[in-house]
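Spelled out from the first residue to the last, the chains are:
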Amino acid sequence: MILVTGGAGYIGSHTVRELRSRGADVVVYDNLVTGHIEAVGSAPFVKGDIFDKELLVKTFAEYKVDSVVHFAAYSLVGESMSDPAKYYRNNVAGTLSLLDAMLEAGVKYLVFSSSAATYGDTGDGLITEDSPQRPTSVYGQTKLMMEQFMSDYDKAYGMRYVALRYFNAAGAHVSGEIGEAHKPESHLIPIILQAALGQRSHIGIFGDDYPTRDGTCIRDYIHITDLADAHIRALDYLKNGGKSTYYNLGNGEGFSVKEVIETARRVTGIDIPARVEGRRPGDPATLVASSEKIKRELGWKPRFDSLDEIVASAWKWHSTHPHGFEK
Ligand code: UFG
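Residues numbered from 1 in each chain as written. Predicted model: local features only at pLDDT ≥ 70, side-chain atom pairs only at ≥ 80, totals over all residues. Heavy atoms only, no water.

## Structural notes on the site of the ligand
The ligand sits among 21 residues. The nearest are Y139, H187, G204, R280 and D283. Backbone polar atom of L188 to an oxygen atom of the ligand: 2.8 Å apart, as the coordinates give it. A distance of 2.8 Å separates a nitrogen atom of the ligand from a polar backbone atom of G204. Listing elements by their share of the shell around the ligand, those giving two or more residues are α6 (188–196) and β8 (203–206). (Near = heavy atom within 4 Å. Polar contact = N/O pair within 3.5 Å; in protein donor to acceptor, adjacent residues only side chain to side chain. Helix = DSSP H or I, 4+ residues; strand = E, 2+ residues; numbered from the N terminus.)

## Digging into unusual backbone geometry
In this model, K183 is joined to P184 through a cis peptide bond whose omega is -5 degrees. Topologically, P184 is positioned in the loop between β7 (168–170) and α6. Unusually for a residue other than glycine, L32 sits at a positive phi of about 60 degrees. Within the secondary structure, L32 is located in the loop between β2 (26–30) and β3 (45–47). Phi is positive for K64, which is not a glycine, with a value near 55 degrees.

## Focus: the packing of α6 against helix α8 (residues 257–268)
One can describe the packing of α6 onto α8 by two numbers: an axis separation of 10 Å at closest approach and a directional angle of 45 degrees. The angle between α6 and α8 falls in the class oblique. The hand of the α6/α8 crossing is right-handed. Contacts between α6 and α8 involve L188, I189, I192, L193 and A196 from the former and V257, V260, I261, A264 and T268 from the latter. The residue makeup of the contact of α6 with α8, split by class, is nine nonpolar, one polar and no charged. (Axes fitted to C-alpha atoms, helices over the stretch in contact; angles between N-to-C directions. Parallel < 35°, antiparallel > 145°, perpendicular 65-115°, else oblique. Left-handed = near helix turned anticlockwise from the far one by under 90°. Contact = heavy atoms within 4.5 Å. Nonpolar A, V, L, I, M, F, W, Y, C, P; charged D, E, K, R; others polar.)

## A few points about the side chain of S80
The residue S80 is located in helix α3 (residues 77–82) in this model. Among the residues examined, S80 registers a relative accessible area of 0% and is labelled buried. Look past the residues within four positions of S80 in its chain and what remains in contact with it is Y87, S137, V138 and Y139. (Buried < 20%, exposed > 50% of the residue type's maximum accessible area, 1.4 Å probe, protein only.)

## Focus on the side chain of S113
Considering the arrangement of structural elements, one finds S113 in strand β5 (residues 109–115). We classify S113 as buried; its relative accessible area is 4%. Polar side-chain contacts of S113 include one of 3.1 Å to the backbone oxygen of H70. Residues within four places of S113 in sequence aside, it is in contact with H70, F71, K143, L164 and Y166.

## Considering the environment of G35
With respect to the secondary-structure elements, G35 resides in the loop between β2 and β3. In this structure the C-alpha to C-alpha distance between G35 and A8, which are 27 residues apart in sequence, comes to 4.6 Å. In this structure G35 touches A8, G9 and D30, once residues within four positions along its chain are discounted.

## Examining the sheet that holds strand β9 (residues 218–219)
Spatially, β12-β9-β14 is the arrangement adopted by the three strands of the open sheet, whose pairing is mixed. Each having just a single partner strand, β12 (255–256) and β14 (286–287) make up the two edges of the open sheet. Note that β9 and β14 share two bridges and pair parallel. Across the sheet, the residue bridging to I218 is T286, located in β14. (Pairing = 2+ DSSP bridges.)

Here it is in structure tokens:
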């Protein structure tokens, strides 16, 4: 049985769907602060906080949990800079509580969502797992600290883990039943699509004076179902005796903010209004992954490898659920 913390959130809920569609037994553990119960579907669900060690230990025993996929975290870069206490408390101290509960209950395997934000500003080459990790945000710092804990817990207690360093998660489940719904929304693709739906007057482009081909920031967008697939492979790898390790997850191709807007115009057929605004503090100019390591070692391969497909899946969700999970 696999316990998924944050399984009611965006990446968590898609991973739960994918796991269950392949016959895995899953229990979702989420405090529903940012997650949505509607996204959980028919999976067994426990409402709980990762700080509640007692409830975690009880849930591990009740469901005979042998592995954990850990998504529960706050993930807004901007907010992490204005309220670092919230991020260190929840992401760092919360993860320690989870790890302690796992130790107490003898749960040995952990797949954990890390981030491209652990690298910071690396210049414009492809980022490999050996690129230096120098986070430029508190959010990135919390993810790096979590990686460090896991490495030490492996050495001392034999707890094995795979850290997946995501680049920009995007898109929605092919069914159109679940998708991205953050409040407030801060991510580029949903905001562009909200502008397409007329819920915003325009999409603001955060800076066009970066050292990139058109001056706007370049990111590597990876479809949420491809991310989910990587978690499943990572779990299988650990259960088959694999050693603790870490992988980048991206498509290996970067798109600028302007290119993403152009793609969304093409996919939706709507002439989405855009306006250049000032830079957002903490944004590196370019973040593009080399995912060769996970391809080589776990046979992972993105199925959604074009930005058009990724944006089309997001559009299917947003155009049919203009208010997310709210009726
Ligand atoms: N952007 C805009 N206008 C907007 C929103 C975003 O121009 O209204 C730009 C951003 O400046 C950035 C790009 O679009 O250049 C992508 O921004 P997102 O907020 O969608 O994503 P980020 O790259 O900032 O963040 C993502 C994840 C984070 C993770 C980070 C790692 O969402 O969780 O990558 O760097 F920490």
